[in-house]
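# Coordinate analysis (summary)
Here is how the chains run, residue by residue.
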Amino acid sequence: MYAQMIESEVECEDPQKLKEFQNRIDAGDKIEPQDWMPNGYRKTLIRQIGQHAHSEIVGQLPEGNWITRAPTLERKAILLAKVQDEAGHGLYLYCAAETLGVSRDELTEMLLDERMKYSSIFNYPTLTWADMGAIGWLVDGAAIMNQVPLQRTSYGPYARAMIRICKEESFHQRQGFDIMIKMAKGSAEQKHMAQDALNRFWYPALMMFGPSDTDSVHSVQSMAWKIKMNTNDELRQKFVDQTAPQADLLGLTIPDANLEWDEHKGGYNFTEPDWSEFYAVINGNGPCNVERLAARKKAWEDGQWVRDGLLANAEKHAAKIPVAAE
Ligand SMILES: [Fe+2]
Ligand SMILES: [Fe+2]
């Protein structure tokens, strides 16, 4: 199905239809699954929503790693709820992608054979409990920055999924910041762990907004279609401006000697991440890429019997064959 859509992209789109479509977007209309849409719009959305869904699911792994080692029962319950939320986000987003004509199985297969990607941030290891704080504070914080504007995106099912997701992301960010407060205001050793977590997650968090605008290939068309609402650099700047005062409040130091308030531009000056590291991680060479993909493959294979059972049951019902009483 997806392959057919890629092939059909070579067909010329009707210029009149394209114009009407753009007019609808410009007028702030929501595009719904049954509406006509250009192939490029459909394809870009499938890629974006699919990668977003994969990120939610793979994103459970670094934190799931700490559920059994959370320091208190309360922290364990909170982290468990947060990781379950991420599974829910993945499912809403797979459903939104399915309305564009691609199945969840196809999307999963594309993740597993590496035709589709997920956010580079989840290829970094979680070494200490303070990493749960840094992830909630910085990674969920960056996710909110990316996702709040997407509540106004032009594709109806995606925009609506974002509304609930953003509410839950706010909780995630607060719980992360709460862990950071406890650690940063705790013993010297705890403060050291909090600082170390900030040091390791700062630049990977900045990378979450994607490459610099000058190198971002998809931006212009995606912004015209309101699939993307802000440029990568705009969002990165907003994130730094929001986060720097929070680090001050924690008494922690952002690992950037160039970080400085710029009165003239009304924002912070800061050092860009190392983009060669970003491309290495995106291309499969981050610290945990192999481990993350292996975990997803194992989960997919282990779940085969469940999918087979559900399918067999559905087929029995469809054929109206009574299920034998045990
Ligand atoms: Fe999420
Ligand atoms: Fe989250």
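Residues numbered from 1 in each chain as written. Chains lettered and ligands numbered in written order. Predicted model: local features only at pLDDT ≥ 70, side-chain atom pairs only at ≥ 80, totals over all residues. Heavy atoms only, no water.

### Topic: the coordination of the iron ion (ligand 1)
With distances of 2.0 to 2.2 Å, the protein atoms coordinating the iron ion (ligand 1) are Glu56 (OE), Glu86 (OE), His89 (ND1) and Glu169 (OE). The site at the iron ion (ligand 1) holds 4 donor atoms, and with the angles between them running 85 to 144°, its shape is irregular. Read from N- to C-terminus, the donor residues coordinating the iron ion (ligand 1) fall into the pattern E-x29-E-x2-H-x79-E. A spacing of 3.4 Å is found between the iron ion (ligand 1) and the iron ion (ligand 2), which share Glu86 as a donor. Of this pair, Glu86 sits in helix α5 (residues 73-98) while Glu169 sits in helix α8 (residues 156-184), and the two are 83 residues apart along the sequence. Here the two residues Glu86 and Glu169 agree in accessibility, since each one is buried. (Donors = N, O, S within 2.8 Å, 3.2 Å for Na, K, Ca; no water. Tetrahedral: all angles 85-135°; square planar, octahedral: opposite > 155°, others 65-115°. Helix = DSSP H or I, 4+ residues; strand = E, 2+ residues; numbered from the N terminus. Buried < 20%, exposed > 50% of the residue type's maximum accessible area, 1.4 Å probe, protein only.)

### A closer look at helix α14 (residues 304-318)
Helix length check: α14, at 15 residues, gives a terminal C-alpha distance of 21 Å against a target of 21 Å (1.5 Å per residue), a fit within 8%. Downstream of α14 by a residue or two, Lys320 has a phi angle that is positive, lying close to 55°. (Expected span 1.5 Å × (residues − 1).)

### Observations concerning the coordination of the iron ion (ligand 2)
Protein coordination at the iron ion (ligand 2) comes from Glu86 (OE), Asp140 (OD), Glu169 (OE) and His172 (ND1), with a distance range of 2.0 to 2.2 Å. Around the iron ion (ligand 2), the 4 donor atoms sit at angles spanning 89 to 162°, and that spread fits a shape best called irregular. Spacing between the donor residues of the iron ion (ligand 2) along their common chain follows E-x53-D-x28-E-x2-H.

### Description of the packing of aromatic side chains
Scanning the entire structure with this criterion turns up 11 aromatic pairs. With a centroid separation of 6.0 Å and 80° between ring planes, the pair formed by Phe21 and Trp36 is classed as edge-to-face. Here Phe21, found in helix α2 (residues 15-26), pairs with Trp36, found in the loop between α2 and α3 (39-58); they are 15 residues apart in sequence, far enough to count as distant. Here the guanidinium or amino end of Arg69 rests over the ring plane of Trp66, the centre of that ring lying 3.9 Å away. (Phe/Tyr/Trp six-rings, centres within 6.5 Å; stacked < 30°, edge-to-face > 60°. Lys NZ or Arg CZ within 6 Å of the ring centre and 35° of its normal.)

### Points about the nonpolar core
Note on soluble globular proteins: their nonpolar side chains tend to be buried together. Among the nonpolar cores identified, the biggest contains 51 residues, and Trp129, Trp137, Leu138, Phe201, Trp202 and Phe239 are the most heavily contacted of them. For Phe239, the residues in contact, after removing those within four places along its chain, are Leu138, Gly141, Ala142, Met145, Trp202, Ala205, Leu206 and Phe209. Core analysis: the second largest hydrophobic core is formed by 26 residues, Met37, Ala53, Tyr94 and Ile165 among them. (Core = buried A, V, L, I, M, F, W, Y, C linked by side-chain atoms within 4.5 Å. Contact = heavy atoms within 4.5 Å.)

### Concerning the confidence of the model for the protein chain
Taken as a whole, the protein chain shows an average pLDDT of 93; of its residues, 94% reach a score of 70 or greater. Contacts from residues 6-10, a stretch scored under 50 in pLDDT, to residues over four places away or in other chains number 5 contacts. (pLDDT = per-residue confidence, 0-100.)

### Examining the pattern of salt bridges
This structure, assessed with the given rule, holds 14 salt bridges. Put simply, Asp131 and Arg200 hold a salt bridge, and the shortest N to O gap is 2.7 Å. Of this pair, Asp131 sits in helix α7 (residues 130-147) while Arg200 is found in helix α9 (residues 188-207), placing the two residues 69 residues apart along the sequence. Using a relative accessible area of 0% as the deciding quantity, one classes Asp131 as buried. For Arg200, a relative accessible area of 24% translates into the label partly exposed. (Salt bridge = Lys/Arg side-chain N within 4 Å of Asp/Glu carboxyl O.)

### A short note on a nonpolar patch on the surface
A contiguous nonpolar surface patch, about 370 Å² in accessible area, is contributed by Trp305, Val306 and Leu310. Residue placement: Val306 occurs in helix α14. (Patch = residues over 30% accessible without salt bridge, like charges linked within 9 Å, V, L, I, M, F, W, Y side chains within 5 Å. Areas by Shrake-Rupley, 256 points an atom, 1.4 Å probe, with all protein chains shown as cover.)

### Examining the environment of Leu127
Note on placement: Leu127 falls in the loop between α6 (104-112) and α7. Between the C-alpha atom of Leu127 and that of Pro62, which follows or precedes it by 65 residues, the distance is 9.3 Å. When neighbours within four sequence positions are excluded, Leu127 is seen to be in contact with Trp66 and Arg200.

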